[in-house]
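Analysis of the macromolecular model
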Amino acid sequence: MRTAQHPATRHWRHAVAPGGLPLAGHALLMGRKPLQFLASLPAHGDLVELRLGPRPVYLPCHPELIQQVLVNARVYDTGGPVKEKAKPILGNGLITSDWADHRRQRRLVQPAFHTARIAKYAEVMERECEAESTAWTARRPIDVSHEMLALTARVTARALFSTDMAPHAVAEIQHCLPIVVEGAYRQAIDPTGLLAKLPLAANRGFDDALARLNQLIDRMIDDYKASDDGDRGDVLSALFAAQDDETGGTMSDQEIHDQVMTLLLAGIETTASALTWTWFLLGRNPLAEAALHAEVDEVLGGRAPRYADVPRLAYTQRVFSEALRLFPPAWLFTRTTTETTELGGRRLPPASDVLISPYVLHRDPALFPRPESFDPDRWLPERAKEVTRGSYLPFGGGSRKCIGDVFGMTEATLTLAAIAGRWRMRPIPGTKIRPRPQMSLTAGPLRMIPEPR
């Protein structure tokens, strides 16, 4: 286990990543096998330099260096190729906004995720989880990935817009979102920027899906403005009502649009991917599955879970926390220096790109013993205290930590409890899935058989 040392006294190891090519640098390795490539780099140093095209990029591999980046948001602002290519998609929302804009936006959006609001959103979660858990047919195989995406799309959409959304609107989100996410990642990893300009069917599909999502959000905003319902208890109501305590300002329609788009993309596929990985891991770890069933039976006694049950579903939460460690949806994000600074004893000029990879950090054996093992009890309070500070980042960190972390944990806990209360999810023999690193770490299709408990 790594021990903390004062940054000034520590001898940091620097390295250049092997395998770079002229002109392309490490772009081909990142495009072909990004997880394996990045996970190999901590063995070379605490701060590793690689190149994506002609530009140098720095990967801090030690939690102290990563924390230095995350807590100093003014110097290490959001940026890099991912942000540049995400901004036309997400607009100027929480994920893509610069430091000054982000501070203001965070103040305005935060009330939408206060505890009282989460309790209201949980009513949507309860209904949708109950509907999902009762919709399956015994022993008929299902695609868990598809089901979890459908569920999180319904939950997120109805928490954002409490109006009784027509089923086709939720279906529109469910259809368009994966296309937009995949296309955004395809553009982000292309160092030339030429791929998006080619007349490819994938590009046309991406443009169409993005346009449809934008139109849907605009219709929802127009519907809200045309009605006189007051506070509906949803996210959109909170965004319209938000007022900056420092300036008294509110958000424009375009700012609200950008925040809604950001929350849709950040709140649906990420949670769905993490839940899919959770079922995959439980299906291959029968002892953990049995412990989950035992807790759900004890706490719920056969009924559907409610928001008030969440604090008592401690093992359920540990299961999800461990799935997030092994397969963090936000597997990679970027920062860019706004001024000359020093990281791990290395001078970084302005506009230097820094990569942060929770996936790499979470699988470092120096930080997590037996890192490939699925062990929910590593998050027991007495064991969690031994985890090095800053080494677990499923929701990011610093001022840009995911604003919906409590929302996501609540939704996942209720989902796992609702389904585990009724079903034992059996893996189909021979089924293999592999991580698909896109904008989030997805699993692809996962067919399992629900057996009644």
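Positions within a chain are numbered from 1, following the residues in the order the chain's sequence is written. Per-residue local features are limited, in this predicted model, to residues with pLDDT of at least 70; the limit for side-chain atom pairs, both in listing and counting, is 80 or more; totals at the level of whole chains, interfaces and linings are taken over all residues. Side-chain descriptors were evaluated using all non-hydrogen atoms of the structure, hydrogens and water having been removed beforehand.

Under an unreviewed UniProt entry, the protein has the name Cytochrome P450 and belongs to Streptomyces rugosispiralis.

All right, on to the packing of helix α6 (residues 115-135) against helix α17 (residues 405-420) then. In this analysis an axis means a line fitted to C-alpha atoms, helices contributing only their contacting stretch, and an angle means the value between N-to-C directions, from 0 to 180 degrees. Per the convention used, a helix needs a DSSP run of H or I reaching at least four residues, while a strand needs a run of E reaching at least two, with both numbered from the N terminus. Interaxial distance between α6 and α17 falls to 9 Å at its minimum, and their mutual angle equals 30°. In terms of axis orientation, α6 runs roughly parallel to α17. Considering the relative orientation of α6 and α17, their crossing is right-handed. When α6 is examined against α17, the residues I118, Y121, A122, M125, E126, C129 and S133 are found in contact with a partner set consisting of V406, F407, T410, E411, L414, T415, A418 and I419. Three residue categories are used. Nonpolar comprises Ala, Val, Leu, Ile, Met, Phe, Trp, Tyr, Cys and Pro, charged comprises Asp, Glu, Lys and Arg, and polar comprises the others, including Gly. Class assignment of the residues belonging to the contact of α6 with α17 gives a composition of 10 nonpolar, 3 polar and 2 charged. Under this scheme an angle from 65 to 115 degrees is roughly perpendicular, one under 35 degrees roughly parallel, and one over 145 degrees roughly antiparallel; angles in between are oblique. The hand of a helix crossing depends on one turn: near helix anticlockwise from the far one by less than a right angle means left-handed, and clockwise means right-handed. Whether two residues touch is decided by their heavy atoms; if any such pair falls within 4.5 Å, the residues are in contact.

For the rest of this paragraph, the subject is the sheet that holds strand β4 (residues 76-78). What links the strands of a sheet is backbone hydrogen bonding, and the strands pair in either a parallel or an antiparallel sense. At least two DSSP bridges between two strands are required for those strands to pair. The strand order across the open sheet formed by 6 strands is β1-β2-β3-β9-β6-β4, and the pairing between neighbours is mixed. The strands lining the two open edges of the sheet, one partner per strand, are β1 (14-16) and β4. Sheet twist, expressed as the average angle between the axes of neighbouring strands with direction ignored, equals 35°. Looking at chain direction, strand β3 (residues 55-60) and strand β9 (residues 353-356) are connected through 2 bridges and run parallel. Across the sheet, Y58 pairs through a bridge with V354, a residue of β9.

Pairing of aromatic rings covers Phe, Tyr and Trp, the last through its six-membered ring, and needs centres within 6.5 Å; plane angles under 30 degrees mean stacked, over 60 mean edge-to-face, and all others mean tilted. Tallying each qualifying case throughout the model produces 9 aromatic pairs. Arranged with centres 6.2 Å apart and planes meeting at 40°, the rings of W136 and W423 form a pair that is tilted. Here the residue W136 occupies a position in the loop between α6 and β5 (142-143), and W423 occupies one in strand β10 (residues 423-427), the gap between them amounting to 287 residues. Between the aromatic rings of Y224 and F240, the centroid separation amounts to 4.6 Å while the plane-to-plane angle is 5°, which identifies the pairing as stacked. Linking Y224 in helix α9 (residues 201-226) with F240 in helix α10 (residues 235-241), this pair joins segments that are 16 residues apart in sequence. Taking the relative accessible area as the measure of exposure, F240 reaches 24% and is therefore partly exposed. A connected cluster of aromatic rings, assembled from ring pairs, spans F113, Y121 and F407. Any residue under 20% of the maximum accessible area for its type is buried, any over 50% is exposed, and the rest in between are partly exposed; the area is computed with a 1.4 Å probe on protein chains only.

Moving on to the pattern of salt bridges. Here a salt bridge means any side-chain nitrogen of Lys or Arg lying within 4 Å of a carboxyl oxygen belonging to Asp or Glu. The tally for this structure, following the rule as stated, stands at 28 salt bridges. Its salt-bridge partner being R325, residue E322 comes within 2.9 Å of it at the nearest N-O pair. Here the residue E322 and the residue R325 both occupy positions in helix α14 (residues 314-326), the gap between them amounting to 3 residues, near one helical turn. As far as the burial class goes, E322 and R325 line up, both buried. If you follow the salt bridges from partner to partner, you end up with E128, E132, R154 and R158 in one network.

Here we come to the packing of helix α11 (residues 253-267) against helix α12 (residues 269-283). Where α11 contacts α12, the two axes come as close as 4 Å, and the packing angle between them is 5°. The pairing of α11 with α12 is recorded here as roughly parallel in orientation. In contact with L265, A266 and G267 of α11, α12 contributes E269, T270 and T271. Residues of the contact of α11 with α12, tallied by class, amount to 2 nonpolar, 3 polar and 1 charged.

The next subject is the environment of P56. Mapped onto the secondary structure, P56 falls in strand β3. Sequence spacing of P56 and G25 is 31 residues, and the spatial spacing of their C-alpha atoms is 8.8 Å. Not counting residues within four places of it along the chain, the set of residues in contact with P56 comprises E49, L50, R51 and D353.

What the 3 strands build is an open sheet, ordered β5-β13-β10; its pairing is antiparallel. Two strands in the sheet have a free side with no partner beyond their single neighbour: β5 and β10. Bridge analysis of β10 against strand β13 (residues 447-452) gives 5 bridges, and the strand direction is antiparallel. Among the inter-strand pairings, M425 is bridged to a residue of β13, identified as P450.

Further remarks concern the state of the cysteines. The disulfide definition used here is simple: a pair of cysteine sulfur atoms within 2.5 Å. Scanning all chains against the criterion turns up 0 disulfides. As a non-bridged cysteine, C402 has C129 as the owner of its nearest cysteine sulfur, 18 Å distant.

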